[in-house]
Amino acid sequence: MDTRTPTTVTATAIETVSRSRTVDRVVRGVATSDGAGVKLTRVLTQNLQRRLDPFLMLDAFGTDNRDDYIGGFPDHPHRGFETITYMLAGRMRHRDSAGHEGLLENGGAQWMVAGSGVVHSELPEQEDGRMEGFQLWLNLPAADKMTTPWYRDVPARDIPIVALPDGGTARVIAGATHGIAGAVTRPVTEPLYLDVHLPAGARFAQTLPAGHNAFVYVYRGEIAIGEGEGRAVVEAQRMGVLDNTGLGDGVVITASADARFLLIAGAPLNEPIAQYGPFVMNTQDQIYQTLADYRDGRFAKIPAENHG
Ligand code: MN
């Protein structure tokens, strides 16, 4: 195991926001379970897919109780989008039908483009202790839905940690902040995925392209989003959906208490969304085709050597 620790880098640019976006609505996630009984909170639910295009789902999980996660996510398929799993604590083994395998652990991420289809498993590689993290689903443009699947393991040491000019840090999983490019860059949807840690009182600014949809999920402490009259408090375990009126050129966030939050933004695809469980296409006919392909074994099987 590589034990190199992530490197903290100094910001090389200032994010200048002259008018902050405001919070359109505060969303409380829905407690649910998925896979083989894994307890989680579905923060971004299906009814927000159009509003938060290109993002399809955000699940948050965090527990010290092994019974909440030990079943993991045995073999299941995906087609038509990308999954980004970001692990704060715990160890999860990933295997997929494209022949990839990886171990996801403390502070690391895995970026998977399901494309034309994968069957994979995501199973805890620990018997007890804390498991905490997030899984985000990012849509693929219609033209790329049947692209060849790929997967990239992003260990914590490859995720830059930016020391912010006004205090705190930002882990740059995708996109860029304060002049520092993140671990992953994606075309078309141009996702920004930051994990920001702020001490109480610190102020954080991030420019955002006017047309991009954006949201903040607070997982520790409490923050205020916006400035002046548009300021809104968002507590832990809440998502603040940022306005998309085009009036703001970014977002300004102040920590009311020591806080940690995800800031996620991306360019909308403005294409039809047809979802059936783990398949996200553009039309019902494509969903029927997907179900037939899966039923008839036209998704690749997990190679034998990748079965533990
Ligand atoms: Mn999966």
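Residue positions are counted from 1 within each chain, in the order its sequence is given. Under the rules for a predicted model, residues below a pLDDT of 70 receive no local features and side-chain atom pairs below 80 are neither given nor counted, while totals for whole chains, interfaces and linings still include all residues. Each side-chain value is worked out from all heavy atoms of the structure, with water and hydrogens disregarded.

**Describing the environment of Gly-80**
Okay, step 1: Relative to the helices and strands, Gly-80 resides in the loop between strand S6 (73–78) and strand S7 (81–89).
Okay, step 2: Looking at Gly-80, the relative accessible area reads 0%, which means it is buried.
Okay, step 3: Spatially, the C-alpha atoms of Gly-80 and Ala-109 are 20 Å apart, while their sequence positions differ by 29 residues.
Okay, step 4: In this structure Gly-80 touches Gly-115, Asn-139, Leu-140, Lys-145, Val-280 and Met-281, once residues within four positions along its chain are discounted. Strands are runs of DSSP state E lasting at least two residues, helices are runs of H or I lasting at least four, and both sets are numbered from the N terminus onward. Exposure categories follow from relative accessible area, calculated using a 1.4 Å probe and restricted to protein chains: below 20% of the type maximum is buried, above 50% is exposed, and the middle band is partly exposed. In this description, contact between two residues means that some pair of their heavy atoms is separated by no more than 4.5 Å.

**Looking at the coordination of the manganese ion**
Okay, step 1: Looking at the metal site, the manganese ion is ligated by His-76 (NE2), His-78 (NE2), His-120 (NE2) and Glu-122 (OE), spaced 2.1 to 2.6 Å from it.
Okay, step 2: Binding-site remark: the manganese ion is held by donors from one chain whose sequence spacing is H-x1-H-x41-H-x1-E. The same class applies to His-76 as to His-78, namely buried. Each metal site lists N, O and S donors within 2.8 Å (3.2 Å for Na, K and Ca). With water left out of the atoms, a site can look as if it is missing ligands.

**Quick look at the sheet that holds strand S22 (residues 232–235)**
Okay, step 1: One open sheet accounts for four strands, arranged S19-S24-S21-S22; its pairing is antiparallel. Each edge of the sheet is formed by a strand with only one pairing partner; in this case those strands are strand S19 (203–207) and S22. Neighbour to neighbour, the strand axes of the sheet diverge by 25° on average, direction disregarded.
Okay, step 2: When DSSP finds two or more bridges between a pair of strands, those strands are recorded as paired. Bridge count for S19 against strand S24 (residues 250–255) is five bridges, and the pairing is antiparallel. To get an axis, fit a line to the C-alpha atoms, keeping to the stretch in contact for a helix; angles then go from 0 to 180 degrees between the N-to-C directions.

**What about the sheet that holds strand S2 (residues 23–28)?**
Okay, step 1: Across the sheet, which stays open at both edges, the eight strands sit in the order S1-S14-S15-S18-S25-S20-S23-S2 with mixed pairing between neighbours. Edge strands, defined here as strands with exactly one partner in the open sheet, are strand S1 (8–10) and S2. Averaged over all neighbouring strand pairs, the angle between strand axes comes to 25°, with direction disregarded.
Okay, step 2: Here seven bridges tie strand S18 (residues 192–198) to strand S25 (residues 259–266), and the two strands are oriented antiparallel to one another. Within S25, the position partnered with Asp-195 by the bridge is Leu-262.

**Considering the packing of aromatic side chains**
Okay, step 1: Two aromatic rings, drawn from Phe, Tyr or Trp (for Trp, its six-membered ring), form a pair once their centres lie within 6.5 Å of each other, and the interplanar angle then sorts them: stacked below 30 degrees, edge-to-face above 60, tilted otherwise. For the coordinates displayed, the defined rule picks out 10 aromatic pairs.
Okay, step 2: Seen from their ring centres, Phe-204 and Phe-261 are 6.1 Å apart, and the 70° between their planes marks the pair as edge-to-face. Linking Phe-204 in strand S19 with Phe-261 in strand S25, this pair joins segments that are 57 residues apart in sequence.
Okay, step 3: Look at Phe-204 and you get buried, because its relative accessible area is 1%.
Okay, step 4: The class for Phe-261 is buried, based on a relative accessible area of 0%.

**Regarding the UniProt feature "domain: Pirin C-terminal" (unreviewed entry) in the protein**
Okay, step 1: Per the UniProt record, "domain: Pirin C-terminal" (unreviewed entry) is annotated on residues 193–299.
Okay, step 2: End-to-end, the C-alpha atoms of residues 193–299 are 29 Å apart, and along that stretch the chain is 11% helix and 49% strand. UniProt positions are given in the numbering used here, feature names are shortened, and annotations may be inferred rather than shown by experiment.

**Regarding the pattern of salt bridges**
Okay, step 1: Every case where a carboxyl oxygen of Asp or Glu lies within 4 Å of a side-chain nitrogen of Lys or Arg is listed as a salt bridge. Inspection of every chain in the model, using the stated rule, returns 21 salt bridges.
Okay, step 2: A salt bridge links Glu-132 to Arg-220, with the shortest nitrogen-to-oxygen separation between them at 2.8 Å. With Glu-132 in strand S12 (residues 131–139) and Arg-220 in strand S20 (residues 213–220), the pair connects residues that are 88 residues apart, well separated along the chain.
Okay, step 3: With a relative accessible area of 7%, Glu-132 lands in the buried category.
Okay, step 4: According to the relative accessible area criterion, Arg-220 is partly exposed, its value standing at 34%.
Okay, step 5: Residue Arg-298 is joined to Asp-293 by a salt bridge in which the shortest nitrogen-to-oxygen separation is 2.7 Å.
Okay, step 6: When its relative accessible area of 49% is taken as the criterion, Arg-298 is described as partly exposed.
Okay, step 7: Taking the relative accessible area as the measure of exposure, Asp-293 reaches 8% and is therefore buried.

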